[in-house]
Amino acid sequence: MNQDSIIYFENVSKWFGDFQVLNNINLEVNKGEKIVVCGPSGSGKSTMIRCINRLEEHQEGKIIVDGTELTGNVKNIDTVRREVGMVFQQFNLFPHLSILDNCTLAPIWVRKMPKADATELAMRYLKRVQIEDQVHKYPNQLSGGQQQRAAIARALCMQPRLMLFDEPTSALDPEMIKEVLDVMIGLAQDGMTMLVVTHEMGFAKEVADRIVFMDEGQIVEAKAPTEFFENPESDRTKLFLSQIL
Amino acid sequence: MLSFNWIRQNLFSSWTNSIITVVLIYFLASIIPPMFDWLFFEATWIADDRTGCTSDGACWAIIGARFYQFMYGFYPTEEVWRVNLVYALLPFGILPLLWDKMPFRKQFLIFAIVYPFLVFFLLYGGPGLTAVASNKWGGLLLTLFLGLGGIIIAFPLSIFLALGRRSEMPAISAICVVFIEFIRGVPLITLLFFGSMMLPLFLPEGLDIDTVLRALVAVIIFQAAYGAEVVRGGLQAMPKGQYEAAQALGLSYWQMNLKIILPQALKITIPALVNTAIGLFKDTSLVIVIGLLDLLGIGRAALADTKWMALHVEVYVFISVIFFIFCFGFSRYSLYLEKKLNTDNDSENK
Ligand SMILES: Nc1ncnc2c1ncn2[C@@H]1O[C@H](COP(=O)(O)OP(=O)(O)OP(=O)(O)O)[C@@H](O)[C@H]1O
Ligand SMILES: [Mg+2]
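All values reported here derive from a predicted model rather than from experimental measurement.

Conventions used here
Residues numbered from 1 in each chain as written. Chains lettered and ligands numbered in written order. Predicted model: local features only at pLDDT ≥ 70, side-chain atom pairs only at ≥ 80, totals over all residues. Heavy atoms only, no water. pLDDT = per-residue confidence, 0-100. Phe/Tyr/Trp six-rings, centres within 6.5 Å; stacked < 30°, edge-to-face > 60°. Buried < 20%, exposed > 50% of the residue type's maximum accessible area, 1.4 Å probe, protein only. Helix = DSSP H or I, 4+ residues; strand = E, 2+ residues; numbered from the N terminus. Lys NZ or Arg CZ within 6 Å of the ring centre and 35° of its normal. Contact = heavy atoms within 4.5 Å. Buried area = accessible area lost by both parts, 1.4 Å probe. Salt bridge = Lys/Arg side-chain N within 4 Å of Asp/Glu carboxyl O. Polar contact = N/O pair within 3.5 Å; in protein donor to acceptor, adjacent residues only side chain to side chain. 1 Å grid on protein atoms, 1.4 Å probe; cavity = no way out; pocket = protein on both sides within 12 Å on 5 of 7 lines; lining within 4 Å. Points joined across faces, edges and corners; volume = space filled by probe spheres on them. Nonpolar A, V, L, I, M, F, W, Y, C, P; charged D, E, K, R; others polar. Core = buried A, V, L, I, M, F, W, Y, C linked by side-chain atoms within 4.5 Å.

A.B. asks: Is there a simple way to think about the confidence of the model for chain B in this case?
C.D. replies: Looking at chain B as a whole, its pLDDT mean stands at 89, while 96% of the residues score no less than 70. Across the assembled chains, the prediction reports ipTM 0.95 with pTM 0.88.

A.B. asks: In this structure, what is going on with the packing of aromatic side chains? I would like to understand it.
C.D. replies: Pairs of aromatic rings are described using the distance from one ring centre to the other and the angle between the two planes. In this structure the tally under the stated criterion is 23 aromatic pairs over all chains. Between A:Phe228 and A:Phe229, the aromatic rings sit 5.3 Å apart at their centres with planes inclined by 80°, giving edge-to-face as the arrangement. Here A:Phe228 matches A:Phe229 in class, with each residue buried. Between B:Tyr68 and B:Tyr72, the ring centres sit 4.8 Å apart and the planes meet at 50°, which makes this aromatic pair tilted. Here B:Tyr68 pairs with B:Tyr72, and both are found in helix α4 (residues 67-72), just four residues apart, close to one helical turn. A cation sits over an aromatic face here: A:Arg124 above A:Tyr125, 5.7 Å from the ring centre. A cation sits over an aromatic face here: A:Lys205 above A:Phe229, 4.8 Å from the ring centre.

A.B. asks: Before we go on, may I ask you to explain the environment of A:Gly144 in this structure?
C.D. replies: Residue and element names in this part refer to chain A. Position of glycine 144 relative to the elements: it lies in helix α5 (residues 144-156). In sequence terms glycine 144 and histidine 96 are 48 residues apart; their C-alpha atoms lie 17 Å from each other. Sequence-distant contacts of glycine 144, defined by excluding residues within four places in its chain, comprise Phe91, Leu172 and Met176.

A.B. asks: Got a minute to help me understand the interface of chain B and chain A in this structure?
C.D. replies: Accessible area lost upon the coming together of the parts is a frequently used measure of interface size. Counting residues at the interface gives 23 residues for chain B and 26 residues for chain A. Buried area between chain B and chain A, summed over both chains or domains, comes out near 2,200 Å², and the portion from carbon and sulfur atoms is 56%. At the boundary of chain B and chain A, one finds one salt bridge. A:Arg50 serves as the salt-bridge partner of B:Glu244, at 2.7 Å between the closest nitrogen and oxygen. Where chain B packs against chain A, one counts six residue pairs in polar contact (both at pLDDT 80 or more).

A.B. asks: Got a minute to help me understand empty space enclosed by the protein in this structure?
C.D. replies: Vacant regions in the atomic arrangement are exposed by a probe of water-molecule size rolled over the atoms. For the coordinates displayed, the defined rule picks out one cavity of 30 Å³ or more. Forming the boundary of the largest cavity are A:Arg81, A:Val84, A:Gly85, A:Met86, A:Phe88, A:Arg154, A:Ala155, A:Met158, B:Ala245, B:Ala248 and B:Leu249. Counting only elements with at least two residues in the lining of the largest cavity, the list comes to β6 (84-87) and α5 of chain A together with α11 (240-248) of chain B. Residue classes in the lining of the largest cavity are distributed as eight nonpolar, one polar and two charged.

A.B. asks: Teacher, can you tell me more about the nonpolar core here?
C.D. replies: Across soluble globular proteins, nonpolar side chains have a tendency to be buried as a group. In this structure, B:Phe70, B:Leu123 and B:Trp137 are the most contacted members of the largest nonpolar core, which totals 75 residues. B:Ala245, B:Ala246, B:Ile260 and B:Leu273 belong to the second-largest nonpolar core, a separate cluster that totals 56 residues.

See the structure below:
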C-alpha cells in the first residue's frame, strides 16, 4: 500500500448467498485519481463501489479507505462515510425536504455545523452546480438533470475527500446527461478523487486516469484510457468494447 | 354553486339519475320533519322524572338530570373545579402538538409537556389537594382520560415497536414481534380483564395499582401494538434508496429515522393511524367490564334508574353525539394534516 493511497482493496470477495459477486478484487486508488469502472450488467460494479462506504459488506479480504479499515466496527464505518460522498443512479434526494434542506441536513447533524454556516456552504455548492435559483423547491419540482446536480451538491456539502458515482446519468433523458457530466468534469478538474461507474465512454476518455473493466465479479483489466481503448488485452474487454462503442 | 345548471347537470343528467333524485327527495322529506319534531320541536327539556315527559318528542330531561354524571362520573362536587380546569386547559395541552402555526407555539409546547403531569396531579390530588380515588371518576372524564391518554402515550411507543421489529438485532426484533403479535392476537376486553383481575395476583400484597391506571396501561399497550403495525407498513413502503442516501451521508441510525424515514413514513400512515385511534377511542367503553363507568357506562346506569326508565333512545343519541364530535374531530384533523403535508411539498416557499 503506497502513501497516497485513498482506496485500497486487497483480495476482496463477496457472496450473495451462493453467488459470488466479487471475486478476489485488488485495487488501489491514489488521492486525486479519477477511475471509471465499466463492464457488463451484473458484473459487480455497483457492489464493488458500495463496499467502499459499507452500503455492502465484504466477506473476505481487506478494504482500507483513507487510512481507516472497514470492519464491523461502527465507528470506522461512520468515519469513512463522513469522508466519502456518493451519487446514485436514482438521485435519492429526500422528497420531504427542500433542495437547500437536503444539502444542509448532513452538515448540520453529522458535522454539527451551525445552520447559518451550513446554509452558506450549501449555497456555494448549489451555485456551483447551477441550481442556486431552485433551492427552495422540493425535489419533485425539478427536472432529472437538476435533481442529479442537487444530489451532487448534497454530497459535496459534506466536503468529502472522495466521491463515488454509480451510473449517475443512466436514469436521465439524453438532453440532460451533458449538464450532469459537465458538473462532474468540473469536479475532476478541481482535483477531486472520483470513482465513477458509467458507460459514458466520452467522459471516460476525457477524465479518467484509469479505466477499470469488470466482468463476473473480477477486475479484468485496469489501464489508462488510450491503452484501454486501443490496446485491450482480454477477449472479454474487446467484446464489451465492440458492443458499446 | 346551486345554480339551475348545476342542478340539471348533477341531479337530472339522465332518466335514471332523475328518478333516483326524486326518490331521494321524497325519502328525505318524509324522514327529516318528523325527526326534527322528535329531536327539538316536541321534545321535553325540563322535567323531574319520566312522568314529566308528556309530549310526543324526546325526553331530554334525563340528560339534564344526569349531566353531572355524564361529564364527571361521581367526582365529588366540591372538587369538581379540578376536572373543569383539566377540561379548560385541554386545548392548550393538545393544540400545540397538532397545530404548527399556533400563536406562541413554543411557549405552549412547554405547557403541553407539563399538561399530562398537571392532569394527574389535579385529578388524583396530591400535596395541597385532597385525594380523589379514581373509582369516583366516570363519564366523559374517564372516556377522555383513557381515550386521549391512550392514543397520545401509545403513539411514540408504536414507533419504537415498529422500528424494533425491523431492527437488525435479532433479540430486539424478536421481543417486538412477540409483544406485537401477542397483544394484537387478543381482544382489548381480555387485556382489561388481565390488567384488573390477574395483575394484582402477581403483585406483592399491599401494592395496589389503581383500577383506572391499570385500564390506562391496558389501553396503551393495545393501541401501541396496533399502531406499531400501521407504522411498520409505512416504513416498509419507504424506498431502499432513502436509507442508502441517509447512510452514505453519514447519518446515524436515529438521525436517519428521525429526519428522513419517519417524516415520510408517518405521513403516508396518517389515515390508518387516525383510523386505529378512532377505534380505540370508542373501544374505551369496554372498561365497563371491569366496573368502570365511562360515558356509555354512565348512560346505562341512568337507564337503570326507575325514575328514568326506558329512555334508551335519548341516552344513546346523546352519547353518540358526544363520541361523534370527538371522532369527527380526529378525522377532520387527519384530512387537514394530509393536505398540509402535501401542499408543503408542492409550494415553492413554505
Ligand atoms: N442484495 C442482493 N442480493 C442478491 N443478489 C444481488 C444483490 N445485489 C446484487 N445482486 C446480484 O449481484 C450481481 C452484481 O450486481 P451489481 O449491482 O453489482 O452489478 P452491476 O455491475 O452494477 O450491474 P448493472 O450494470 O446492471 O448495474 C448481480 O447478478 C445481481 O443480481
Ligand atoms: Mg449497478
